[in-house]
Amino acid sequence: MNIFSFTGRLGRDAEVRYTSGGTPVATFTAANEIGFGERKRTQWIKCTLWGKLAESGVIPYLTKGREVAVTGEVTLDEYIARDGANKASLNVRVIDVTLVGGKSETAHRQPAIVEESQETTRDFWETPENRADIEFDDELPF
């Protein structure tokens, strides 16, 4: 298996479709900057998520401009463009996708989720039955 990891920004919102057999497939394209200085350029990478990963809770957050870290299997598809030029497309079958950052317009969605999870965590630890038996062992085995 080959593994390819990169970070990039989404060029448009992720789209979820279904195969004729009912398997969910999510796709998005991410821009990855390579090189530096005058040689800096943008490489567009097509990403595909299959099955449960395509239905995961991260899909609504894969919006245009969002920065993501992607890990997956990479393939290079070569083709001839309409103008007759030889072209190549970098494609990744995604194994893992992580939200790294985002545009200011999409960032406002996260605090509501963070507050909800913090509230849930706070409620859990503030109940007497959950904190009464907590013991910490200060001795480390190594």
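Cut-off values and rules
Residues numbered from 1 in each chain as written. Predicted model: local features only at pLDDT ≥ 70, side-chain atom pairs only at ≥ 80, totals over all residues. Heavy atoms only, no water. Core = buried A, V, L, I, M, F, W, Y, C linked by side-chain atoms within 4.5 Å. Buried < 20%, exposed > 50% of the residue type's maximum accessible area, 1.4 Å probe, protein only. Helix = DSSP H or I, 4+ residues; strand = E, 2+ residues; numbered from the N terminus. Contact = heavy atoms within 4.5 Å. Pairing = 2+ DSSP bridges.

**Q** It is not clear to me how the nonpolar core should be interpreted in this structure. Could you clarify?
**A** For soluble globular proteins, nonpolar side chains are generally found buried alongside one another. If you look at the biggest cluster of nonpolar residues, it comprises 19 residues, and the most contacted ones within it are Phe28, Cys47, Leu49, Leu62, Val70 and Val97. Contributing elements (two or more residues each) for this core: strand E1 (4–10), strand E3 (24–34), strand E4 (41–50), strand E5 (67–80) and strand E6 (86–101). When residues of this core are assigned to their parent elements, the largest contribution, 4 residues, is made by E6. Not counting residues up to four positions away in its chain, the partners in contact with Cys47 are Phe6, Ala26, Thr27, Phe28, Val70, Val92 and Val94.

**Q** Could you clarify how one ought to interpret the pairing of E4 in this entry?
**A** For a regular strand, side chains alternate in direction, first toward one face of the sheet and then toward the other. Where E3 lies against E4, 10 bridges are found, and the strand directions are antiparallel. Bridge pairing links Val25 to Trp50 in E4. From the end of E3 to the start of E4, which pair antiparallel, there are 6 residues, and Gly35 there has a positive phi angle of about 80°.

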